[in-house]
Amino acid sequence: MNDRTSALDTLVFGVDIQSGDVRGDAPSYALVAFDGENVDRDVVSHRKLRRLLDREEPAMLATDNMYELAADKDELVHFLRALPAETKLVQVTGAERPEPLSRVASRHGVSYGKKPMKEAEAAARLAAANVGYEVAAFGDTTTVKVSRGRSTGKGGWSQDRYTRRIHGSVKRRSREVQERLRQADLDFEKEVTEKYGGYANAVFTVEAPPTDIPVSRGRSGDTRIEIERERHDGIEFEPLVKRRDHVVVGIDPGTTTAAAVVGLDGSVLDVYSTRTADTADVIEWLIERGRPIVVAADVTPMPETVEKFRRSFDAAAWTPHSDLPVDEKLHRTREAAYENDHQRDALAAALFALDDHEDQFERISQKVPPDVERGTVISRVVAGEESVEAVLRDLRDDEDDEESEPEHEERELTDEEKEIRRLRKRVERLESHVDDLNETIDEREATIEEYKGKLSEAKREERRKARERREVKRLERENDRLERRVETLAEENEELDGKLERLKRLWKLDHSNFADVDTDGDLVSVKVIEQFTRDAIETTDEQYGLAAGDVVYLRDASGAGRSTAERLADVDPRVVLRSGGNLSEIADQILFEHDIPVAPADDVAIQEVDELAVASEADVEAAIDDWERRAEERRKERKASMVDQIISEHRAETRSESR
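Please read all numbers here as calculations on a predicted model, not as lab measurements.

## Description of the pattern of salt bridges
- If you walk through the whole model with that rule in mind, you get 38 salt bridges.
- Between Arg 311 and Glu 304 there is a salt bridge, with its nearest N and O atoms 3.3 Å apart.
- Since its relative accessible area comes to 45%, Arg 311 is described here as partly exposed.
- The residue Lys 367 makes a salt bridge to Glu 389 at a minimum N-O spacing of 4.0 Å.

## Here's the deal with the sheet that holds strand 13 (residues 268–274)
- Across the sheet, which stays open at both edges, the five strands sit in the order 13-12-11-14-15 with mixed pairing between neighbours. Looking at strand neighbours, the two that pair on one side only are strand 13 and strand 15 (316–318), the edges of this open sheet. Going from strand to strand, the sheet's axes swing by 25° on average, the running direction of each strand aside.
- Judged from the three bridges that link them, strand 14 (residues 291–296) and strand 15 form a sheet pairing that is parallel. Its bridge partner being in strand 15, Val 294 is matched across the sheet by Ala 316.

## Let's talk about a positive patch on the surface
- Together, Lys 459, Arg 463, Arg 467 and Arg 470 make up a positively charged patch on the protein surface.
- Inspection of the secondary structure puts Arg 467 in helix 13 (residues 415–506).

## Examining a negative patch on the surface
- Taken together, the side chains of Asp 140, Asp 185, Asp 187, Glu 189, Glu 207, Asp 212, Glu 230, Asp 233, Glu 236 and Glu 238 define an acidic patch exposed on the protein surface.
- In this fold, Asp 140 is placed in strand 6 (residues 133–148).
- Given the relative accessible area of 52%, Asp 140 is considered exposed.

## Focus: unusual backbone geometry
- Following Thr 300, the chain continues into Pro 301 via a peptide bond in cis, with omega recorded as 0°.
- Residue position: Pro 301 is located in the loop between strand 14 and helix 8 (304–313).
- Here Asp 314, not a glycine, exhibits a phi torsion of approximately 50°, which is positive.
- Among the secondary structure elements, Asp 314 is positioned in the loop between helix 8 and strand 15.
- In this model, Asp 572 sits at a positive phi of 60°, which is unusual for a non-glycine residue.
- Tracing the chain through its elements places Asp 572 in the loop between helix 16 (562–571) and strand 18 (575–578).

## So, the packing of helix 10 (residues 341–367) against helix 11 (residues 374–382)
- Axis separation between helix 10 and helix 11 bottoms out at 10 Å; the angle between their running directions is 125°. With respect to helix 11, the axis of helix 10 lies oblique. The element helix 10 and its partner helix 11 pack so that their crossing is right-handed. Across from His 357, Gln 360, Phe 361, Ile 364 and Ser 365 in helix 10, the residues of helix 11 making contact are Arg 374, Val 377, Ile 378, Val 381 and Val 382.

## Description of the confidence of the model for the chain
- Summary statistics for the chain give a mean pLDDT of 82 and a share of 89% for residues scoring 70 or more.
- When the elements of the chain are averaged for pLDDT, helix 1 (residues 3–6) gives the smallest value, 35, and strand 4 (residues 60–63) the largest, 94.
- Between residues 1–8, whose pLDDT stays under 50, and residues either more than four places distant or in other chains, the model counts 16 contacts.
- Confidence drops under a pLDDT of 50 for residues 401–410, and excluding neighbours within four residues, the segment shows zero contacts in the predicted structure.

What counts as what
- Residues numbered from 1 in each chain as written.
- Predicted model: local features only at pLDDT ≥ 70, side-chain atom pairs only at ≥ 80, totals over all residues.
- Heavy atoms only, no water.
- Salt bridge = Lys/Arg side-chain N within 4 Å of Asp/Glu carboxyl O.
- Buried < 20%, exposed > 50% of the residue type's maximum accessible area, 1.4 Å probe, protein only.
- Pairing = 2+ DSSP bridges.
- Helix = DSSP H or I, 4+ residues; strand = E, 2+ residues; numbered from the N terminus.
- Axes fitted to C-alpha atoms, helices over the stretch in contact; angles between N-to-C directions.
- Patch = residues over 30% accessible without salt bridge, like charges linked within 9 Å, V, L, I, M, F, W, Y side chains within 5 Å.
- Areas by Shrake-Rupley, 256 points an atom, 1.4 Å probe, with all protein chains shown as cover.
- Lys, Arg positive; Asp, Glu negative; His and termini not counted.
- Charge placed at Lys NZ, Arg CZ, Asp CG, Glu CD.
- Parallel < 35°, antiparallel > 145°, perpendicular 65-115°, else oblique.
- Left-handed = near helix turned anticlockwise from the far one by under 90°.
- Contact = heavy atoms within 4.5 Å.
- pLDDT = per-residue confidence, 0-100.

Structure follows, in structure tokens:
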């Protein structure tokens, strides 16, 4: 783009893919800048195209296919959001169902070539002639948000003052924006989020496009302004100019007369209702919006008022087989905008009539050459009940009549020549019909393949949903199990809390801290051995440690042999408290020989928490003293027994010698 072009008042960009693919490799575009007289051409990358759009701000960016600029709908919306506010994206080949660019160019007398640069120029020239539809994803409602431009941070000695300052700045900036909107006489609604010291943010919903709003986006100091256009539910198409194209009209007569105009491509062009205007006013309103091919009513038979409108336009009539139910009318008009039930009924009649004629319109359009206006042909076929071939032949004859008359008259054909001409025309018609049938077959096969693909996708989706349902059920079962586990653990935790409290009152395992528990000096720790076996002794030794001077509690003292007793004797406990059975004779003897006191556990008050226990020092001392008394008596008895045995042995030896 040179300086001369960029200085023009009205500029149109036309683009077409030169190489690459917007869905894969980085594409390059054939770009044509057209101002009505001058044409500049260039090949640019997608990034350079965006820079040129921002710099030149053309009135229109024209293309034959909007998806040459974006891979999908989301990317297209992103592209439209980034366009300058003054630039429209125009699809010159139509709205939802675009035509070939060659046909549109031929119909409007614009030169066309298959090379990308030629197609880009044709698109630019067509858009400059107001041919095509504006592609829009945003409405005329704009959101202006004033918010904090800095984070309030994590705190500090001056945090409150800092936060109050930021919120105060947001509040002051919001008032400035509000005042500017009022001065511009714009309708808006305001919603604020109040915080300490002012506002955290303020959102203005303004009924105007961004170009009409006297506020710019950006960050300034402690505040930030964001401007966002309201997005439509989908992509919408608006004709550049409202031409008097051929249309389908729906009429709802009565005290309130309503009319709806629908284009042949299915787009709702306009709706209207009045209680005061007469038939002439309604007809004038319809004439301004198109040339009716079909006039429809939502009831059968057609009311006389609707019939008058039909005769006024010499259009075809359409009525349903039976009166249209309200729920069907609501469903068919669910995506359209209307103000009352009368407009809805008129619009439903027009849309149902279009649905009924859609296949016929499509078949006719396929037979119409690019240089012939299809609306004219459809009108004569539908309303005039002529054949497509007859209409096309008549249109060609009209063109031929405009040419100069031949200088001599043709001779009269013979019967044989007439028959040959008739048969040739018949062959042409049959061949044309065969071509139509082949095209229909191809379309049906393509439709079948499309349905197969959708069926396969639906099956995959159903399998995915089935897997999700199974996974949900598994997770629900797992959740139930975990909930039960949580309940169990809660009960156990409650029980352990009680044990912990008792443990705190009794003793701590760490001997170095035992003095903290035994505040009165009257407690002694007890090491519990479940059974008088080597394994049980080893287990207690591993878990708690057995040391000389420990108080040992044998929960089951029966059954011990020599080696077990010697293992316990090696520990050299201070005292062994027994219960659950008497010691074996050998065990009792070994412990006695090692001077290890053994006392009944019932004589000592033992307090237990699981495997841990404590006992009163006084009780332990008393048990030891009692054992000492019994041991002393046992020693005396043993010594007396030994003396008696020695005397007996001596007497026996004396008798033997005397003999």
